[in-house]
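What the coordinates show
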Amino acid sequence: MEAYRKWVWKNREFVQSLESLLNGLTWMLPERFSDSEIGPEAVSSLLGIISSMNQHIIDADSTQKRTGVTPESLLSWSFFISALKELETLVEVVVEQFYGDDKKWNFIAAMEGIKVMMRLALFRDSGYKMLLQGGASLNVEESVDAKPGGYNMPRSDFRGFHTRNLEGRAMFALNRFGENAKINSDPAWLKRLQHGRPSITKSPALMAPKPTLSTILSQDSYLGALYVMGEVLHVIRPFVYVLFIRKYGLRSWVPWSVSLAVELSGVGVLSQATKPHHSGSNAFFQLSAAEKHEVRRRKMLWALYLVRDPCFTKYVRHRLEKTGKAIGPVPVVGFLTAKVIELLIGAQTRYTYISGS
């Protein structure tokens, strides 16, 4: 296992690029989005869990090299969250085939409830830092304006968007190689310089006492309460959405509207708590570069409401099909457009592809 760990760290760029390419290719497997898609989803889930394990290794070694400390509890929560995300769609497909479409929401609600508990545990154990990529990436950035370094930078796909979240994999595979060049590691001369230094400086974020809930709520009157409320609303939003789907059905506007209201409320109160003229000199409420990226990612997720029912069925689908027919006769472009529309319509049938969870 130690030899494998060293190999993954040494070849991390190749490993991440290969994983992204393979994850993208799973969208092209036969019978994807058919009634018998358990096989393709099992392959996709297996690849995803392996990717989560490799990312766990990379995050642990990267954090150790940068800070001299390995936050094992945080890494464990991050790995468990990522692994559960990989299993979601497989569970959804299996349950739907064996128990029916109605009863699958009981299992989906259970999975979302488990994720809520794990994310809240990670939120507490991290000292109430903002969750990056739903807890799949560690928030260990040291300075407010520092550029996210190395391989702790959130990995993005077409949602904004983590490869653990399945709806972005097809588009993500097309741009991952370019992204690797942009999120490159430090120059070799700087690595050698840092390697030669004694490991005496450790991350203040990791070495300082972690804030408790009471200390955060007591800071700057209402800012602490707004900050915690914003993160909690973001965490529980998918669970609330599924509970309302179970009660009112997927074609009702009630779950859609309630989910959007919770989403907007979470981002709104979080933005109020972290505004520069509100947070002042309190560094805790000043967003780091990775956290600003995360806020932008959350806002990009609002686009998913266009592909969630009933909005998709009533307003979006027929426009997509009409566009596909209009562009269809154009060589190459027509084929690619038809394929993208086919993937989007197929992905829309699965909650876990468009959940944003």
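Structure first, text after, so check above.
Everything in this summary refers to the structure shown in the same document. Just so it is clear, the model here is predicted, and its values are computed rather than measured.

Examining the overall build of the protein
- Helix and strand counts for the protein stand at 16 helices and 0 strands.
- Relative to its full complement of 357 residues, the protein shows a buried share of 49%.

Description of the packing of aromatic side chains
- Enumeration according to the criterion identifies 10 aromatic pairs in this entry.
- Judged by centre distance (6.4 Å) and plane angle (40°), the rings of Phe-123 and Tyr-227 are tilted. Residue Phe-123 is located in helix 5 (residues 104-125), and its partner Tyr-227 is located in helix 10 (residues 223-248); the two are separated by 104 residues in the primary sequence.
- For Phe-123, a relative accessible area of 4% puts it in the buried group.
- Residue classification places Tyr-227 among the buried residues on the basis of a relative accessible area of 3%.
- Ring geometry for Trp-253 against Trp-256: centres 5.1 Å apart, planes inclined by 85°, an arrangement best described as edge-to-face. Of this pair, Trp-253 and Trp-256 are both found in helix 11 (residues 253-274), 3 residues apart, which corresponds to roughly one turn of the helix.
- Since its relative accessible area comes to 15%, Trp-256 is described here as buried.
- Put simply, the rings of Trp-253, Trp-256, Tyr-305 and Tyr-315 pair up and form one aromatic cluster.
- The ring of Trp-105 carries Lys-104 above its face, with NZ or CZ at 5.1 Å from the centroid.

Focus: the packing of helix 14 (residues 311-327) against helix 15 (residues 333-347)
- At a closest axis distance of 8 Å, the pairing of helix 14 and helix 15 adopts a crossing angle of 160°. Put simply, helix 14 runs roughly antiparallel to helix 15. Crossing geometry of helix 14 relative to helix 15 is assigned as left-handed. For the pair helix 14 and helix 15, the contacting residues are Phe-312, Arg-317, Leu-320, Glu-321, Gly-324 and Ile-327 in the first and Val-333, Gly-334, Thr-337, Ile-341, Leu-344 and Ile-345 in the second.

What to know about unusual backbone geometry
- Of the consecutive residues Asp-309 and Pro-310, the connecting peptide bond is found in the cis state with omega at 5°.
- Of note, Pro-310 is situated in the loop between helix 13 (289-300) and helix 14.
- The residue Tyr-128 is not glycine, and still its phi comes out positive at about 60°.
- Structurally, Tyr-128 can be placed in the loop between helix 5 and helix 6 (169-182).
- Among the residues examined, Tyr-128 registers a relative accessible area of 12% and is labelled buried.
- Phi at Val-332 is positive, roughly 65°, even though this residue is not glycine.
- Structurally, Val-332 is set in the loop between helix 14 and helix 15.
- In this structure Val-332 comes out as exposed when scored by relative accessible area, which is 60%.

Describing the pattern of salt bridges
- Evaluation of the coordinates by the stated rule reveals 14 salt bridges.
- Glu-294 is the salt-bridge partner of Arg-298, the closest N and O atoms lying 2.9 Å from each other. In this pair, Arg-298 and Glu-294 both sit in helix 13, 4 residues apart, roughly one turn of the helix. Each member of the pair, Arg-298 together with Glu-294, is buried.
- When the shortest N-O distance is used, the salt bridge between Glu-321 and Arg-317 registers 3.1 Å. Placement of both Glu-321 and Arg-317 in helix 14 is noted, with a separation of 4 residues, approximately one turn of the helix.
- Connected through salt bridges with shared partners, the residues Glu-92, Glu-96, Asp-101, Lys-104 and Arg-350 form a single ionic network.

Quick notes on the environment of Glu-86
- Within the fold, Glu-86 resides in helix 4 (residues 72-99).
- Sequence-wise, Glu-86 and Leu-47 are 39 residues apart; in three dimensions their C-alpha atoms are separated by 8.6 Å.

What about a nonpolar patch on the surface?
- Together, Tyr-4, Trp-7, Phe-14, Leu-18, Leu-21, Leu-22, Leu-25, Leu-46 and Ile-50 give the surface a local cluster of nonpolar side chains, amounting to about 800 Å² of exposed area.
- Among the elements of the structure, helix 1 (2-10), helix 2 (12-25) and helix 3 (38-67) are those that each provide at least two residues to the nonpolar patch.
- Considering each element in turn, the nonpolar patch owes the most residues, 5 residues, to helix 2.

Considerations on the nonpolar core
- One finds Phe-123, Met-130 and Tyr-227 to be the most contacted residues of the largest nonpolar core, which totals 28 residues.
- Listing elements by their share of this core, those giving two or more residues are helix 4, helix 5, helix 10 and helix 11.
- The element that contributes the greatest number of residues to this core is helix 10, accounting for 6 residues.
- Discounting chain neighbours no more than four positions away, the residues touching Met-130 are Asn-139, Tyr-227, Glu-231, Leu-270, Leu-287, Glu-291, Glu-294, Val-295 and Arg-298.

As for helix 11
- A rise of 1.5 Å per residue sets the reference length of helix 11, with its 22 residues, at 32 Å; its end C-alpha atoms lie 32 Å apart and thus fit the reference within 8%.
- Within the span of helix 11, buried status applies to Pro-255, Trp-256, Ser-259, Val-262, Glu-263, Gly-266, Val-267, Val-269, Leu-270, Ala-273 and Thr-274.
- Backbone nitrogen of Val-254 and a side-chain oxygen of the N-cap are separated by 3.1 Å at the start of helix 11; the cap is Ser-252.

How each quantity is defined
Residues numbered from 1 in each chain as written. Predicted model: local features only at pLDDT ≥ 70, side-chain atom pairs only at ≥ 80, totals over all residues. Heavy atoms only, no water. Helix = DSSP H or I, 4+ residues; strand = E, 2+ residues; numbered from the N terminus. Buried < 20%, exposed > 50% of the residue type's maximum accessible area, 1.4 Å probe, protein only. Phe/Tyr/Trp six-rings, centres within 6.5 Å; stacked < 30°, edge-to-face > 60°. Lys NZ or Arg CZ within 6 Å of the ring centre and 35° of its normal. Axes fitted to C-alpha atoms, helices over the stretch in contact; angles between N-to-C directions. Parallel < 35°, antiparallel > 145°, perpendicular 65-115°, else oblique. Left-handed = near helix turned anticlockwise from the far one by under 90°. Contact = heavy atoms within 4.5 Å. Salt bridge = Lys/Arg side-chain N within 4 Å of Asp/Glu carboxyl O. Patch = residues over 30% accessible without salt bridge, like charges linked within 9 Å, V, L, I, M, F, W, Y side chains within 5 Å. Areas by Shrake-Rupley, 256 points an atom, 1.4 Å probe, with all protein chains shown as cover. Core = buried A, V, L, I, M, F, W, Y, C linked by side-chain atoms within 4.5 Å. Expected span 1.5 Å × (residues − 1). Polar contact = N/O pair within 3.5 Å; in protein donor to acceptor, adjacent residues only side chain to side chain.

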